[in-house]
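As a plain string of letters, each chain reads:
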Amino acid sequence: MNADICKLSYLSDPVDPDTIKRIASGIGNTWDLCLDGDQQILDCKITSARWVTNQSAIDLLGADPELVTDYKVIEARYAVWMTTDEVSAWEPEHINRVTNTFYTYINEEEDLTDPNGIVCIQEIEHENIEGNIVRTELSEEGILELLDSLEGGKLSGDFPDIEPEDLPDDLHPRIREMHNRLHAIALQEQYEFEMREAEIDRERNRLTLEFAGNNSHCSHYSHIVFLSTIASKLGTYYFEIKLSYKEGDNSCYQLEITAYPRIKGAMAKLSPVWMRYFYIPPVKIQDASKYLTDWVADSDNLELLRTLHFQSRSGNEKM
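1. Focus: the overall build of the chain
Turning to step 1, where the next piece is worked out: Counting its regular elements, the chain contains nine helices and 10 strands.
Turning to step 2, where the next piece is worked out: Taken over 319 residues, the chain has a buried fraction of 41%.
Turning to step 3, where the next piece is worked out: Accessible surface for the chain amounts to roughly 18,100 Å². Of this, 49% is attributable to carbon and sulfur atoms.

Dropping the structure here:
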């Protein structure tokens, strides 16, 4: 068949760039349907393109005579780069480049980005090269696609976990730079996570909670509210223990505990970190202040407060 191909006749009209771009997109999408697993097309480029005369396409390629009256036949030599199944954190540059010559019908109105829009008359395989960026001569567009996939974890989820000194010696400089950057980000995130965990542990393991302020009561619309305020030793949070009495009620059956964040040492009423309600034996309004004082003085209640706060911070229980 190669001898027959050499006898093809060509038109002198150049192939316009838009047609070349459409063919490259269609070939790339067709290859993408054939890939397995996590393989990915990195780039597809047309290296040469020529119009084939209708008669030689019919005689030597077996083109359909009825189709070539409405379509043109084009010869496109292309290279397509793709990742292989062996791409990993240790071999992020495992790339395969295929170079073929492709004969197809072209109609200016068809959408060649649809793989079904490419009708293959004949295809000739030339070479298949595996290797890194340099060996496969991966284009700038392909390098950017590979970097994006590696950084997004689509090809190598454990890439940042490898120490920079353990990477392959022949790694492409841009992939090495990307790894160093991602590795630094991973170390910073690990440090911040450990700091948060350490803060939770400090909050959990402190021996006491400081009592900050006296009991108070105030009228609030149709309510009378008694408050006792407790601050953590770290100064990160404060807690309100509250008894509320509706107008005309002499007893309260519910204790409300709310945790708030603190800003610059001040007790600012921001959105609660968590809130819990507990049913209690009835407390008369004249005994409310003493009840809250006794509640805070009870070490079991402070332990309950520590437990509730730790659970809300660690995510073990929704408050």
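On we go from here.
2. Focus on the confidence of the model for the chain
Predicted coordinates in areas of low pLDDT are best not read in detail.
Turning to step 1, where the next piece is worked out: Taken as a whole, the chain shows an average pLDDT of 78; of its residues, 79% reach a score of 70 or greater.
Turning to step 2, where the next piece is worked out: Of the regions scoring below 50 in pLDDT, residues 211-217 engages in 20 contacts with residues more than four places distant in sequence or in other chains.

3. Section: the side chain of Thr-101
Turning to step 1, where the next piece is worked out: Within the secondary structure, Thr-101 is located in strand 3 (residues 95-106).
Turning to step 2, where the next piece is worked out: For Thr-101, a relative accessible area of 7% corresponds to the buried category.
Turning to step 3, where the next piece is worked out: Within polar-contact distance, the side chain of Thr-101 engages the side chain of His-126 at 2.6 Å.
Turning to step 4, where the next piece is worked out: Excluding its chain neighbours within four sequence positions, the residues that come into contact with Thr-101 are Glu-75, Ala-76, Arg-77, Gln-122, Glu-123, Ile-124 and His-126.

4. Let's talk about the packing of aromatic side chains
Turning to step 1, where the next piece is worked out: Under the criterion given, the structure shown has four aromatic pairs.
Turning to step 2, where the next piece is worked out: Measuring from centroid to centroid gives 6.5 Å for Tyr-78 and Phe-102, while their planes differ by 75°, and the two rings are edge-to-face. A residue pair is termed long-range when its members are at least 10 positions apart, and Tyr-78 in strand 2 (residues 72-83) and Phe-102 in strand 3 qualify at 24 residues. Residues Tyr-78 and Phe-102 agree in their burial class; the two are buried.
Turning to step 3, where the next piece is worked out: Their ring planes at 25° and their centres at 5.4 Å tell us that Tyr-238 and Tyr-260 sit as a pair that is stacked. Of this pair, Tyr-238 sits in strand 8 (residues 237-246) while Tyr-260 sits in strand 9 (residues 251-261), and the two are 22 residues apart along the sequence.
Turning to step 4, where the next piece is worked out: Residue classification places Tyr-260 among the buried positions, given a relative accessible area of 9%.

How each quantity is defined
Going along each chain's sequence as written, the residues are numbered from 1 onward. With the structure being a predicted model, the display of local features is reserved for residues of pLDDT at least 70 and the display and counting of side-chain atom pairs for 80 or more, all residues being used for whole-chain, interface and lining totals. Note that the side-chain values use all heavy atoms of the structure and ignore hydrogens as well as water. Secondary structure elements follow DSSP: runs of H or I no shorter than four residues count as helices, runs of E no shorter than two count as strands, and numbering proceeds from the N terminus. Only protein chains enter the accessibility calculation, which uses a 1.4 Å probe; a residue whose area is less than 20% of its type maximum is buried, one above 50% is exposed, and one in between is partly exposed. Throughout, the Shrake-Rupley method with a 1.4 Å probe supplies accessible areas, and for residues the shown protein chains are the sole cover considered. The predictor's confidence in any single residue is recorded as pLDDT, a number from 0 to 100. We call two residues contacting when some pair of their heavy atoms lies within 4.5 Å. We call two N or O atoms a polar contact when they sit within 3.5 Å, provided that within protein one can donate a hydrogen and the other can accept it, with sequence-adjacent residues counted only if both atoms are side-chain atoms. The criterion for an aromatic pair is that two Phe, Tyr or Trp rings (for Trp, the six-membered ring) have centres within 6.5 Å, with stacked assigned to planes under 30 degrees apart, edge-to-face to planes over 60 apart and tilted to the rest.

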